[in-house]
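# Coordinate inspection notes
Chain residues, written in single-letter form:
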Amino acid sequence: MAAERLYDSWAGRNAQWEIKYEDIIKTLCDYGKGESSLREARGKLFGAGYELYIMAFFIGLYFNQRKPLLADNTKRKGFGQPIQYWGNIESRMGRKAYPKIREYIFAALIARTDIDFIALEKGDVTLRKVVDMLIQTMEEYANCGFKFIKDKIEDDPNYFYKETAFLEVFLSFEANNQEELDEEPESLD
Amino acid sequence: MILKSIKIKNFRSYYGEKEFTFAKGLTLIIGDNGDGKTTFFEALEWLFDTVTDNKSEYNISEKRKSELNVGESDEVNVSLVFDHEGEMELEKKFRFEKTDSNAVLTRDYKFTGYDSTCSERVSRDGKQLLEACFDSVIRKYCMFKGESELNVFDNNTALKTLVDTFSNIRQFEDYVTLTEKFEKDSDAVVTKELRNDKKQAQKVKELEEKRTRNAIDIQNVRQDMRNQEQAISDYSTSIEKLEQNQEACEAYQDIKKRIEKKRADQSRFKAMSTLDYNAQLLDEYWILRSFPNVLMEFQKKISALSREKRKQDKAETERRAIEKGKKELADSLVGGATPLPWYVPDEGTMQEMIDEEICKVCGRPASKGSEAYNFMVNKLHEFLLQTQKKAEKSEEEKPYFSNNFIDELNRLSNQLGGWSQKEIVKLATDISDRLELIQNRKRDLDKATKDLQEAEDEKARLLIQTQGLSEDMLDKGFKDFKGMSERKNRAEIRLTELKHDMEDLEKIKSQIDSEFDAIEPSNGTVKLYQRVHSTLKYIMGSFINAKERNIDEFLTMLEKETNTYFEKLNENDFRGEVRIIKRADGSARIQLYSSNGTLISNPGGAQRTTMYMSVLFAISNITTLKREQDYPLIFDAPTSSFGEFKEEVFYNIIDNIDKQCIIVTKDLLEIDKDTKEKKLNQEKLNQLTCLVYQIYKAPNYSPLDLSTIQTQIIRIK
C-alpha cells in the first residue's frame, strides 16, 4: 500500500464555511478581489480570505466551542486554495510566510477529534472517513469563530478596525498553564 | 510754529466737524484701537501732503457718504490754525457728490493758506505757506507714526540732511569750494609760468610728471578707500542688524535643532510603536499564544495511541507465536524420532513411487493397500497440504496494523515538541514584552510630539516677536554673521593699508609741492604768483578744517542735548549714555553706551524709544535755536513697548518739557473691573497738567458696517 500521509490527505482539502459570513470575509480580507497586494490601499485587515478563517478557527478552538455548519450544501462555500497553501504565499509588503500554522491546526484537530485511530491503523476505518471528521472539526471551530466575529461587528461595525482588536481577543484566552509546562513531557517512544 | 487748533470734517471716521485745540506743551489724544487715533494723525499727514492733490474717495466719511441722496454733496475739510510769527491757517478740502447709490464724485480740491500776520487776513497758496512755515525737512523730524519710525538716523544721508538743515555748516561748503578753486587756479598760473621759464623747464616737466602720477595714485587709492569704507559700512549695517537679532537668531537655531531632533525622534518612535498586530498574529504565530495546552493535549493523545498500538502489536505477536508452538507440538512423531521434512521427497518423486508401488527411499516394494503404500499416499497428501498451507500462511503473517498513521502523528508530535514547543510557550512572554515596549515607545512618541509642538509654538512666538524678520532670514543670519565679520575685518585691514599708502602718497605730494615751491623762478612776477598761491593754499586748509570742526561741534551739541532729554525720560531707571557716532562714510548712528564704555548693542524697546525721542527733542531744540522758531512734535502711538510704570513716568516728564508735543495713544486707558469696559485712568490723568482729549467710537455701531462708525471727541481736561 502506498504510504499515504494523513496530513497530506487533510491538507489537500478545502475547508468550508457558511455563505452568510462571506460579507465579513470580503470586508476584512482581500477575498474575492484578486491580487492581495492592495490590502493597505483598501484598508483591509487581512490578505487572503483564509487568514480570517484561521482567526475564526483559533477563536473557536480556544473557546473550545464547535458549531455544526448548515447541512445544506448550497449555503456553504470553500476558498480557492486548499489548506496546503495557507500561509505560504504572502506577497504583501512587510508580511512573511507562516506555513507552520497548518501543522498546528492539524495537531489541534487530531487532539480534538474523536477518531478511532487504532481502527484506522488496522484499516477498519477509511482514511477518507477520518479526514472528513478532521475537516468537520475544523469547520465547526471556525464556524463558531465566525459567529463570534459577526456578533462583534453587529454590535459595532468598526470593532475590528481598532488595530489591536483581534490581538485583544487572543490575549483574552489563557496563555498556558505554567505548571503543566514545567512537567516533564511524557515519554513519546 | 505752534499749532493752535485743528478742525477735521468728514475725514473718514471723523463724521461732521470735530475740533481739537492744542496746548503749548503736551496734548494727549487718548483712544482705543479703531477709535480714530491714526486717522487723526493721517488727517494731519493729508493736510501736510504737498506732493499730491489727493482727493481720494477713501478719505470720505462712510457715514456721511451713506447719508447723502443721489445728487447731494458735502465736503471733506481739514483746517489747521497755528502761530508762526502771527496767526496762520491752512485749509485743505474737496467736495464729494453722490452720483449713484454706490458712487461718489470728488471735485473742487483746494489747498489754501491764510496769513493774518498783517492787519488783514490774506489768502495764499497752501503749499507755499506750508513750505514757508513748516518745510518738509522739518516735518520729517516732527511727525512720527509708531515706534519704528523714530530712528531718524537709520539712513546714511540723515546726518548730512540734519547738518545742512539745522547748522550753519552749509555755508562752509561754499567757502571750501571757493578756496579750493582759488588754490587750483593760482597753482595753474604758477606752473604755467614756471614751464615757460627756460632755466627751470626741465625740472618743472619732471615735477609735473611726478605730480600727475602722484595725483593718479592718490585718486586710485582714494577710490579704493571709499570702496573699502563703503564695504565696511555695509557690513557694519548688516552685522548691526544681525547683532540686534543675534539673540533671536541663536534662539531660532536652538529651536530649529530641537525641532529637527524631535522630528527624528517622532518618526523613530512612530516606527517603533507601529505594528500590524493582525499580521503579527499570523506571521509571527502570535495566534499560538494559547496553543501550548492544545499542543500538550495532542502530544498526550498521540503518546497514548502510540502506546496502545505497540501494546496491541505485541499481544498479537505473542498470540501468533503461541499458535505456531502448538502446531509444532502436534506435528512431532511417536518415539521422538524426527520425521523427514514434509517436502522430502518432492511431489513428483512421491507420485512416481505411488504409481510404481515401490518405496524408492528404502528400495522395498509397497504394493497398493500395504502400510508402506498408504504412508506414501499420506506423505503426498501432506505435501500438498503443506504447499497449500504455505500459501495460506503468507496471508496469515501479514502485519496486524496495515497502516502507519500513528507513527506519522508521532513524528509530527516529536517535531512540534522540543525547541518548537519552547518557542510557542515563550510567545506569551514575548508578546507581553513587545506590547510593553510598544507602550513605552508610544509614551516616548507622545512626549516627542508634545515637545515638537512646544518647539513649533516657541518658533511661532519667536517669529512674532521678531516681526519683519522671516524665518529664512533668522536661519541665514546666523550663518552670515561669521562670514560678514570676516569680510568686514578684511576690508578694515585693507583700509588701514590704504591709509598708509595714502599717507605715503601725501608725503610724496607735499614733497613735490615743496620741490615746486623750491624752484627759483627767474622772473620776479612768478615769485609773487608763487607766494599768492601758498597763501591761498593755506586759506583753503583752514576752511576744510573749520568745516570738520563744525560738524563735530554740532554732533557734540546734539549729543549733549539728547542726553539731557534721555536722562529726563529715564528718570529712576538705568539709561546709559547716548552717543552719536560719525562714521567714515559721513553718516551717523545713534548708539547707547554704558558708562564704562560698553556698547549696548540691543537696547530694550522702551530704552530704544526714549533714546530716539531724546534725539528728536534735541533736534527740535536745536531747530528752535537756529531758526528762532518752535516746532511741534507729533507722535502716533510711540510708546507701545512701554510697561505701565514706564508709561506713567514718561507722560509725567513729557508733560513738563517745554515743547509742543501732541501724542495720540491708547495709554492711560484701563479696563473697568465692574463694567469690563475701557475707561480712562483718572488717577494717572490727575497727575498730568496737559490738555487731554478722549476719542471713541460713537455707540451703537455695527461691527460689520463701516458707515456706522464715527469718532466722537471729548475734552477731558
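Quick caveat: nothing in here was measured; it's all calculated off a predicted structure.

### Points about the overall build of chain A
Looking only at helices and strands, chain A features 9 helices and 2 strands. Within chain A, buried positions represent 37% of all 189 residues. Long-range pairs, those at least 24 residues apart, make up 69% of the contacts in chain A with a sequence separation of at least 6.

### With respect to the overall build of chain B
A count of helical and extended segments in chain B gives 19 helices and 19 strands. In chain B, which comprises 717 residues, the proportion classed as buried is 27%.

### Concerning the sheet that holds strand 7 (residues 122-125) of chain B
Residue and element names in this part refer to chain B. An order of 2-1-4-5-6-7 is seen for the 6 strands of this open sheet, with the pairing classed as antiparallel. Strands at the two margins of the open sheet, each flanked by one partner only, are strand 2 (14-21) and strand 7. Put simply, the sheet's adjacent strands are angled 20° from each other on average, direction ignored. As paired strands, strand 4 (residues 73-83) and strand 5 (residues 87-98) are joined by 11 bridges and run antiparallel to one another. Bridging from a neighbouring strand, Val 81 pairs with Glu 89 of strand 5. Most of the contacts of helix 3 (residues 126-133) go to strand 6 (residues 104-115), to which it runs at about 45°, and overall it touches strand 5, strand 6 and strand 7.

### So, the packing of helix 10 (residues 292-330) of chain B against helix 13 (residues 405-416) of chain B
All names here are of chain B. Running from N to C, helix 10 and helix 13 cross one another at 140°; their axes reach a closest spacing of 9 Å. For the crossing formed where helix 10 meets helix 13, the hand is left-handed. Here Leu 295, Phe 298, Gln 299, Ile 302, Leu 305, Ser 306 and Lys 309 of helix 10 lie close against helix 13, whose contacting residues are Ile 406, Leu 409, Asn 410, Ser 413 and Leu 416. Of the residues that constitute the contact of helix 10 with helix 13, the class distribution is 7 nonpolar, 4 polar and 1 charged.

### A word on the nonpolar core
Core analysis: the biggest nonpolar cluster contains 75 residues, and A:Tyr53, A:Ile54, A:Ala56, A:Phe57, A:Ala107 and A:Ala142 have the highest contact counts within it. Ranked by residue count, the leading element in this core is helix 4 (residues 49-63) of chain A, at 11 residues. Those residues within four positions of A:Tyr53 in sequence are excluded, and the remaining contacts are A:Ala15, A:Trp17 and A:Ala142. With 73 residues, the next largest nonpolar core counts B:Leu129, B:Tyr612, B:Val615 and B:Phe635 among its residues.

### Things to note about the environment of B:Asp313
Residues and elements named next belong to chain B. Along the chain, the position of Asp 313 falls in helix 10. C-alpha of Asp 313 to C-alpha of Phe 401: the two residues are 88 residues apart in sequence and 7.5 Å apart in space. Here Asp 313 is in contact with Tyr 400 and Phe 401, once residues within four sequence places are set aside.

### Here we look at the packing of helix 5 (residues 101-112) of chain A against helix 7 (residues 127-155) of chain A
Axis angle and axis distance: for two packed helices, these are the angle between their axes and the distance between the axes, and together they describe the pair. Residue and element names in this part refer to chain A. In contact at an axis separation of 9 Å, helix 5 and helix 7 are set at 105° when each is read in the N-to-C sense. Classified by the angle their axes make, helix 5 and helix 7 are roughly perpendicular. On helix 7, the residues touching Ile 105, Leu 109 and Arg 112 of helix 5 are Leu 134, Thr 137 and Met 138. Looking at side-chain class alone, the contact of helix 5 with helix 7 contains 4 nonpolar, 1 polar and 1 charged residues.

### Here we look at the interface of chain A and chain B
Between chain A and chain B, the residue contacts involve 45 residues of the former and 45 residues of the latter. Those elements that provide at least two residues to the side of chain A that touches chain B are helix 1 (6-11), helix 4, helix 5, helix 6 (117-122), helix 8 (165-171) and helix 9 (178-182) of chain A. Ranked by residue count, the leading element in the side of chain A that touches chain B is helix 5 of chain A, at 7 residues. Residue classes in the side of chain A that touches chain B are distributed as 28 nonpolar, 6 polar and 11 charged.

### Things to note about the pairing of strand 4 of chain B
Residues and elements named next belong to chain B. The pairing of strand 1 (residues 2-11) with strand 4 spans 7 bridges and is antiparallel. Bridging from a neighbouring strand, Ser 5 pairs with Val 81 of strand 4. Taken together, strand 4 and the strand that follows it, strand 5, pair antiparallel across an intervening segment of 3 residues, in which Glu 85 is found at a positive phi of about 55°.

### Focus on unusual backbone geometry
If a residue is not glycine, its phi is most likely negative; likewise, a peptide bond is most likely trans. Residue and element names in this part refer to chain B. Within the chain, Glu 357 stands out as a residue other than glycine whose phi angle is a positive 55°. Here Glu 357 is to be found in the loop between helix 11 (347-356) and strand 9 (358-359). The phi torsion at Asn 700 lies on the positive side, around 65°, for a residue other than glycine. Here Asn 700 is to be found in the loop between strand 18 (691-697) and strand 19 (711-715).

### Side note on the confidence of the model for chain B
All names here are of chain B. With 92% of its residues at a pLDDT of at least 70, chain B reaches an overall mean of 83. Taken element by element, chain B is modelled with least confidence in helix 5 (residues 158-166), mean pLDDT 71, and with most confidence in strand 1, mean pLDDT 93. The complex model carries a pTM of 0.49, and its ipTM stands at 0.89.

### With respect to the confidence of the model for chain A
All names here are of chain A. The predicted model of chain A has a mean per-residue pLDDT of 82, with 82% of residues at 70 or higher. Per-element mean pLDDT across chain A ranges from 45 in helix 9 up to 94 in helix 5. Segment residues 36-41 is flagged for pLDDT under 50; beyond a separation of four residues in sequence, or across chains, it makes 12 contacts in the model. Below pLDDT 50 for its whole length, residues 178-189 participates in 12 contacts with residues either more than four positions away or in separate chains.

### Observations regarding the environment of A:Thr113
Residues and elements named next belong to chain A. Position of Thr 113 relative to the elements: it lies in the loop between helix 5 and helix 6. We classify Thr 113 as partly exposed; it has 17 C-beta atoms within 10 Å. Between the C-alpha atoms of Thr 113 and Gln 136, which are 23 residues apart in sequence, the distance is 8.9 Å. Setting aside residues up to four positions removed in sequence, Thr 113 forms contacts with Met 133, Leu 134 and Thr 137.

Each value, and the rule that gives it
Residues numbered from 1 in each chain as written. Chains lettered and ligands numbered in written order. Predicted model: local features only at pLDDT ≥ 70, side-chain atom pairs only at ≥ 80, totals over all residues. Helix = DSSP H or I, 4+ residues; strand = E, 2+ residues; numbered from the N terminus. Buried ≥ 20, exposed ≤ 12 C-beta atoms within 10 Å, placed from the backbone. Contact = placed C-beta atoms within 7 Å. Pairing = 2+ DSSP bridges. Axes fitted to C-alpha atoms, helices over the stretch in contact; angles between N-to-C directions. Left-handed = near helix turned anticlockwise from the far one by under 90°. Nonpolar A, V, L, I, M, F, W, Y, C, P; charged D, E, K, R; others polar. Core = buried A, V, L, I, M, F, W, Y, C linked by C-beta atoms within 7 Å. Parallel < 35°, antiparallel > 145°, perpendicular 65-115°, else oblique. pLDDT = per-residue confidence, 0-100.

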